[in-house]
Amino acid sequence: MGDINRPEGDNLGGILRFKFIDVNDVLSIALPINSAILSTVQLKPGKSWSSGYGTLETIGYSEPGEITDAGTIYKRMFVAFCPYENAYSDDLLHIMRNRQFLVDYTNANGVRKLIGSINEPLFFLGALNTKTKSSDLAGYSISFFSDSSHKAYVYSG
């Protein structure tokens, strides 16, 4: 066991960038070492990560723990707001609704994490909200979520 120390330097909230992939496009993921995955996620031939976009200060991740009879469960939730309503986004979100994913994100402190695994992938939901005032932003609230037996791993792949 170690100490819980005060960190040095800035501690900024928010996520700067993210990408996602259908778990069926993943060939393998290395086992974590000390809560970190140190090698690149191996993809099936011809497959690649998709870039994600969210309005600045709307992208976030949380994983509160919950103690259950089966042990601790982490309630993973990645959220973002994607502005504008259009046919492309409508179609993409419709296609994504029945698939499961992994998410790779980098936060404002430069920490990169991998959420999900082959055995515990993330589900996806997208919801359109046009809002009621012209000063509000219309667009899609998206979320990738799941319950997991472990926290998201630091990823340096």
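Everything numeric in this text was worked out from a predicted model, so none of it was measured. (Residues numbered from 1 in each chain as written. Predicted model: local features only at pLDDT ≥ 70, side-chain atom pairs only at ≥ 80, totals over all residues. Heavy atoms only, no water.)

Asks: For this particular structure, what's the right way to read unusual backbone geometry?
Replies: With glycine set apart, most residues show a phi of negative sign, and most peptide bonds adopt trans. Positive phi outside glycine occurs at E57, with the angle close to 70 degrees. With respect to the helices and strands, E57 occurs in the loop between β5 (50–52) and β6 (60–62). Judged by its relative accessible area of 77%, E57 is exposed. Located in the positive-phi region is Y84, a residue other than glycine, with phi close to 75 degrees. (Helix = DSSP H or I, 4+ residues; strand = E, 2+ residues; numbered from the N terminus. Buried < 20%, exposed > 50% of the residue type's maximum accessible area, 1.4 Å probe, protein only.)

Asks: Would you mind going over the pattern of salt bridges with me for this structure?
Replies: It is possible for side chains of opposite charge to pair when their charged atoms get near one another. Tallied over the full model, the rule gives five salt bridges. Put simply, D22 and R99 hold a salt bridge, and the shortest N to O gap is 3.9 Å. In this pair, D22 sits in strand β1 (residues 15–22) while R99 sits in the loop between α1 (87–96) and β9 (101–107), placing the two residues 77 residues apart along the sequence. Given a relative accessible area of 10%, D22 falls into the buried group. Judged by relative accessible area, R99 falls into the partly exposed class, the value being 41%. In this structure, D147 and K75 form a salt bridge, with 3.2 Å as the shortest nitrogen-oxygen distance. Separated by 72 residues along the polypeptide, D147 in strand β12 (residues 139–148) and K75 in strand β8 (residues 71–83) bring together distant segments of the chain. Of the residues examined, K75 reaches a relative accessible area of 31% and is grouped as partly exposed. Salt bridges linked by common partners bring K19, D104 and R112 together as one network. (Salt bridge = Lys/Arg side-chain N within 4 Å of Asp/Glu carboxyl O.)

Asks: Even after reading the chapter, I still don't get the packing of aromatic side chains, so can you show me in this structure?
Replies: Under the defined criterion, the tally for this structure stands at 10 aromatic pairs. Here the aromatic rings of F78 and F144 are separated by 6.1 Å at their centres, their planes lie at 65 degrees, and the arrangement is edge-to-face. Of the two residues, F78 is situated in strand β8 and F144 in strand β12; the sequence distance between them amounts to 66 residues. The burial state of F78 is the same as that of F144; both residues are buried. Site record: aromatic cluster; members linked through ring pairs are F18, F20, Y61, F78, F101, Y105, F124 and F144. (Phe/Tyr/Trp six-rings, centres within 6.5 Å; stacked < 30°, edge-to-face > 60°.)

Asks: What's the story with the pairing of β1 in this structure? I'm lost.
Replies: Consecutive residues of a regular strand have side chains that alternate between opposite faces of the sheet. Of the pairings in the sheet, the one linking β1 to β9 comprises seven bridges and is antiparallel in character. Within β9, the position partnered with F20 by the bridge is V103. (Pairing = 2+ DSSP bridges.)

Asks: I tried to follow the nonpolar core on my own but got confused; where do I start?
Replies: The nonpolar side chains of a soluble globular protein tend to be buried with one another. Residues F18, F78, V103, I115, I142 and F144 are the most contacted members of the largest nonpolar core, which totals 20 residues. Looking at this core, the elements that each hand over two or more residues are β1, β8, α1, β9 and β12. Contact partners of I115, with chain neighbours within four places excluded, come to Y61, R76, F78, L102, V103, Y105, L122 and A152. In this structure, I21, V23, V41 and L114 belong to the second largest nonpolar core, which totals 10 residues. (Core = buried A, V, L, I, M, F, W, Y, C linked by side-chain atoms within 4.5 Å. Contact = heavy atoms within 4.5 Å.)

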